[in-house]
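Residue-level structural notes
The primary structure of each chain is shown beneath.
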Amino acid sequence: MSSPTKETEDPSSSNAESEEYTGGNSDANTEQRPPAKRPMSTAVIEISDTESDDSDVCAVNSYQASADEVKRIRRDYSSSSSSSSSSNYSSDSDSPWEDDSVVIDDKAMGRPVIAKMLVRANRMDDPKFNPELKSQEIISKIKSHWDEKTDHSSDQVTLTCKPFRLCRIHGLLENSEIINNIVDDMNTLDWSRKKMDLYEFHQTSDLANLTWQRSIRGIYELLKTEVMTWVSQVTGIELTSVSASCSLYGPGDHLLVHDDRLGDRRVAFILYLAPWTPRSPPHMQNGAESQDKCWSGPGWRPHMGGALELVEDGQVVFRAFPANNTLAFFAVGPTSFHQVGEVLSMELPRLSINGWFHGPAPESEEPHAELPVPLTPHNQVVVLKSWVEAGYLCPRARAQVQAQMERASEVCLHDLLLPSRCQQLLEALEKNDIEWEQCGPAHQRRYQRVTEKWLSASELSEANEEEAIQGEEPDDCGVQGETHVVRALLRLLSSTAFMRLVADCTDLPLTLYRKLEMQRWRAGDFTLLPPREHYQQPRLEAVLYLGVPKHPICGGQTLYVAPEEGSLAEAEALVTLPPRHNALGLVYCDAGAASFTKYLSKMTMSENECFYIVTCTYTE
C-alpha cells in the first residue's frame, strides 16, 4: 500500500558483499498553536531544512556530523540551543584542493583523521556500462534464474529470490573511478530535506533536470538506455522511461516499510556510491561489532546501519548493505515490502542514485480499510479524584481548558495523573504479568500493545454488572471491579465519568470511543498515516505519554497533518504533541486531519529503554 507522496521515496537499498538473514494546571496560557482542523494554505511536500531541524548536511565529499547531531547523540543537547540550517547544500570544501577528505575530531588520537585522496576519472569521460555484463551468456543465465525464481551468485551478479527477487549488479560501471566525479558533482547540487511519516533524508530534484553536471548527466543517460534495456531483458518487464534522483542519508535518517507501488512504477533501482574506506567500528554499537569482524575494503560497514531490509509477514528476513558501484533492483509488486534501516554513521553519508523504471501499469485493487468498531462507555463507578489531579476537576480549570480548545482546537494537560498513580503504573508495566503483542501490519505501524484478551480478563459479566454497580465499592484502584492498575487506567478512560470530564473540557457532546490502547514504544517503532477512511469523520483524539526518558530523544512525537491539503512534512504539521511524561494531549480533528507518531530513533534510545503511550479516540 502506497503512501500519498511516494514520488519522493527512496525505493530501497541493497549490497553486493554482505547480507544477513536473519497537580496539575491547564495549558490554557501556553503559546497558541495551529489547530488540527485548520486548513493549510499551501500544499508543500518537499521542504528544505527549517529552524526546527536538528541536522545539517555539509559537503558530501567532506561530510561531518553537525554539532547538534553530536550533542543529540551524546545526550547533552541543551534545550536553549538552536540548530542552524540552510536550504542550500552545495557546500564546496574550504580547501583549494579538490579532495574528499573525511575530517573527524577523534579524541582518542588527539588529532583529526584525514582519509586519503581518491582517484578521479578524466572530467570529459562519461560513465561506461561494464562490457562483461553485456554478454548474452550472462543475460540468459540471469533471466533463467529470474524466471525460475532460483538464487544465483557470481562475480558479476547476485540474485536472491526470498522474500522477493532482488538482483544486484556488481561493478556496474567499467570506469569505477568516475564515481568520485559524480560525488564531486553532487557537491554543486541543491539538496532538499524530506521529512514526513514514512521517511527522513535529503534528496535532489530529478536527474533529468540536472543538465550541466557532466558525470551526473552521463549516469542518467546510461540508466535510461543501456541499463534499462539490460533490466528489461533480464526481468521480461516492458520498460519505457526512468525517473531518478540523488539521495543522502545522514545520522538518524531512515525509510520505513513500504512496497513502492504507485502509478506506472515497474522496477525500483538504487546505485550505491560509497568510494570511501570507513574506519573500524567502535567496541560497542547496538551489538553490531560481530558483523564487522570479517569485513574489509571500501564501501559500507554493517555497524553503520542503512541496510536494505526485505520484509515478509512483518519480519526482516534479508539484509543487504551498500557496496560501491553496485546497482540493485527489484520488480515492484504487492509483496515487495522493504525499508532502509536507520543510518548510524556519524562520519560518512549514505549516498545513492535511485529511482524507478516505468512501464505499462498493471491492474491493481485498492485495499479496503476496516474501521475500528465504536464502543459505548461503561457506567461502572470510578473515582476521578483518585486518578486525576484535583486542579483539573474544578469548574474554573475546566473553563480555562475549554477556552484553549475553542481558540486552537488542541490542549496539553500537564501532570494529569496523580504522581502516586504514575509511579504505580510504571512499576506495574515493568512486570511480566501483562500480555503484550506486536502491532502491525509492518507497513503501517510497529509497536507493542497490551492484548485485548488480557484487558478483558477481569471484566464484569453482563449478568452481575448491574448488581455490582449497586452494591460494590471501588477498590484501591478507584475503578469498580478492577484490582490491576493498568486495567483500571483503561477502564477509567472508557468510562462515562471520564468522558463527561473530557466533554466539559472541550464543549463537545461525546458519546462513543474507539481505539483505546496501551502501547509500549522502543527504538525503531513508528506509525504511518492511516488509510483515508480513518480520518474522514470529525473526532477528538486523546494521547497520554507515560515513562518518557528524562534525556532528549529523537522521534516519538505525535503529529497531526492534512494529507489531502499537502501537509505531510513535520515542518507543516498542524499540531505536534511532543513526548512528555504524564501529559495528556487533546486534539479535535475535522474531517481530513490525520495523525501519525514519528519514528523513534535508535540514536538516542538504548535497547532496554521504552516508554508508553495510551491512545483513545472519542466521537460525538
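Residues numbered from 1 in each chain as written. Predicted model: local features only at pLDDT ≥ 70, side-chain atom pairs only at ≥ 80, totals over all residues. Heavy atoms only, no water.

Now for the overall build of the protein. A count of helices and strands for the protein gives 10 helices and 25 strands. Carbon and sulfur atoms form 48% of the exposed surface of the protein, whose accessible area is close to 26800 Å². (Helix = DSSP H or I, 4+ residues; strand = E, 2+ residues; numbered from the N terminus. Areas by Shrake-Rupley, 256 points an atom, 1.4 Å probe, with all protein chains shown as cover.)

Moving on, we get to the pairing of strand E4 (residues 166-170). Of all five residues that make up E4, five are buried, and the element is covered over most of its length. Of the two faces of E4, the one carrying Leu-166, Arg-168 and His-170 and the one carrying Cys-167 and Ile-169 are both buried. One ladder, built from four bridges, connects strand E3 (residues 157-160) with E4; its direction is antiparallel. When the bridges of E4 are listed, Leu-159 appears paired with Cys-167. In terms of strand pairing, E4 meets strand E12 (residues 326-331) through four bridges, oriented antiparallel. Looking at the pairing, Ile-169 lines up with Leu-327 of E12. (Buried < 20%, exposed > 50% of the residue type's maximum accessible area, 1.4 Å probe, protein only. Pairing = 2+ DSSP bridges.)

What follows concerns unusual backbone geometry. Cis geometry marks the peptide bond from Lys-162 to Pro-163; its omega dihedral reads 5°. Positionally, Pro-163 belongs in the loop between E3 and E4. In this structure, the amide linkage connecting Gly-440 to the following residue, Pro-441, adopts the cis form with an omega of 5°. Relative to the assigned elements, Pro-441 resides in the loop between strand E16 (436-439) and strand E17 (445-450). Not every positive phi belongs to a glycine, and Asn-325 is a case in point at roughly 60°. Note on Asn-325: relative accessible area 6%, which makes it buried. In the Ramachandran plot, Asp-415 falls in the positive-phi region, its phi being about 50° despite a non-glycine side chain.

Quick look at the nonpolar core now. Within the largest apolar cluster, 66 residues are counted, with the highest numbers of intra-cluster contacts made by Met-186, Val-227, Trp-230, Leu-327, Phe-329, Ile-353 and Phe-357. For this core, the element with the most residues is helix H4 (residues 214-235), which contributes 10 residues. Among residues more than four places away in sequence, those in contact with Val-227 are Phe-129, Leu-172, Leu-222, Leu-327 and Phe-357. Within the second largest apolar cluster, 52 residues are counted, among which are Leu-384, Leu-416, Leu-490 and Leu-493. (Core = buried A, V, L, I, M, F, W, Y, C linked by side-chain atoms within 4.5 Å. Contact = heavy atoms within 4.5 Å.)

Here we take up helix H10 (residues 496-506). Those residues of H10 lying buried are Phe-498, Met-499, Leu-501, Val-502, Ala-503, Cys-505 and Thr-506. Tucked inside the fold, the buried residues of H10 contact helix H5 (395-408), helix H9 (485-493), strand E18 (512-521), strand E20 (539-546), strand E23 (583-589) and strand E25 (611-619). The first or second residue beyond H10 is Asp-507, which carries a positive phi of 60°.

On to the packing of aromatic side chains, then. On inspection of all chains with the given rule, the structure shows nine aromatic pairs. Here the aromatic rings of Trp-230 and Phe-329 are separated by 6.3 Å at their centres, their planes lie at 85°, and the arrangement is edge-to-face. Here Trp-230, found in helix H4, pairs with Phe-329, found in strand E12; they are 99 residues apart in sequence, far enough to count as distant. Accessibility assignment for this pair places Trp-230 and Phe-329 in one class, buried. Linked through ring pairs, Trp-146, Trp-230 and Phe-329 together constitute an aromatic cluster. Across the ring face of Tyr-249, the terminal group of Arg-350 is positioned such that the distance to the ring centre comes to 4.8 Å. The aromatic ring of Trp-436 is capped on one face by Arg-520, whose charged end is 4.2 Å from the ring centroid. (Phe/Tyr/Trp six-rings, centres within 6.5 Å; stacked < 30°, edge-to-face > 60°. Lys NZ or Arg CZ within 6 Å of the ring centre and 35° of its normal.)

Following the criterion strictly, the structure yields 20 salt bridges and no others. For Glu-517, the salt bridge identified is with Arg-449, shortest N-O distance 2.6 Å. Taken together, the positions of Glu-517 in strand E18 and Arg-449 in strand E17 put the pair 68 residues apart, joining distant regions of the chain. Classification of Glu-517 as buried rests on a relative accessible area of 10%. Its salt-bridge partner being Glu-482, residue Arg-491 comes within 4.0 Å of it at the nearest N-O pair. (Salt bridge = Lys/Arg side-chain N within 4 Å of Asp/Glu carboxyl O.)

Right, let's talk about the environment of Gln-315 for a bit. Tracing the sequence through the fold places Gln-315 in strand E11 (residues 315-320). When its relative accessible area of 51% is taken as the criterion, Gln-315 is described as exposed.

So, on to the side chain of Ser-345. Structurally, Ser-345 is set in the loop between strand E13 (338-340) and strand E14 (350-358). Residue class for Ser-345 comes out buried when judged on its relative accessible area of 6%. One polar contact links the side chain of Ser-345 to the main-chain amide nitrogen of Glu-347, over a distance of 3.2 Å. A distance of 3.0 Å separates the side chain of Ser-345 from the backbone nitrogen of Leu-348, its partner in a polar contact. The contact partners of Ser-345, leaving out residues within four places of it in the chain, are Pro-251, Trp-300 and Met-304. (Polar contact = N/O pair within 3.5 Å; in protein donor to acceptor, adjacent residues only side chain to side chain.)

Further remarks concern the sheet that holds strand E22 (residues 575-577). Reading across from one edge, E22-E21-E24 is the order of the three strands in this open sheet, with antiparallel pairing throughout. The sheet is open, and its two edges are formed by E22 and strand E24 (594-597), each paired on a single side. Going across the sheet, the axis of each strand differs from the next one's by a mean of 20°, ignoring polarity. Relative to E24, strand E21 (residues 558-561) runs antiparallel, the two sharing four bridges. Paired with Val-561 across the strands is Ala-594, a residue of E24. (Axes fitted to C-alpha atoms, helices over the stretch in contact; angles between N-to-C directions.)

With that settled, the discussion passes to the packing of helix H6 (residues 419-429) against H9. Running from N to C, H6 and H9 point in directions that differ by 120°, and their axes come no closer than 9 Å. Regarding the angle of H6 to H9, the classification is oblique. Contact residues: H6 offers Gln-424, Leu-425, Ala-428 and Leu-429, while H9 offers Val-485, Val-486 and Leu-489. (Parallel < 35°, antiparallel > 145°, perpendicular 65-115°, else oblique.)

Moving on to the environment of Met-124. Locating Met-124 in the fold gives a position in the loop between helix H1 (67-73) and helix H2 (136-148). For Met-124, a relative accessible area of 56% gives the class exposed. For the pair Met-124 and Arg-214, spaced 90 residues apart in sequence, the C-alpha to C-alpha distance is 7.8 Å.

It is worth spelling out the packing of helix H3 (residues 178-186) against H4 at this point. Two elements in contact, H3 and H4, have axes whose closest approach is 7 Å; the angle formed by their N-to-C orientations is 115°. Both H3 and H4 take part in a crossing whose hand is left-handed. For the pair H3 and H4, contact is made by Asn-181, Ile-182, Asp-185 and Met-186 and by Arg-214, Ser-215, Ile-216 and Ile-219, respectively. In terms of residue class, the contact of H3 with H4 is built from four nonpolar, two polar and two charged. (Left-handed = near helix turned anticlockwise from the far one by under 90°. Nonpolar A, V, L, I, M, F, W, Y, C, P; charged D, E, K, R; others polar.)

All right, on to the confidence of the model for the protein then. Summing up the model confidence of the protein, the mean pLDDT is 80 and the portion of residues at 70 or higher is 73%. In the predicted structure, residues 37-59 sits below a pLDDT of 50 and forms 68 contacts with residues beyond four places in sequence or in another chain. Taken together, the stretch residues 69-116 has pLDDT below 50 and engages in 99 contacts with residues farther than four places along the chain or on a different chain. (pLDDT = per-residue confidence, 0-100.)

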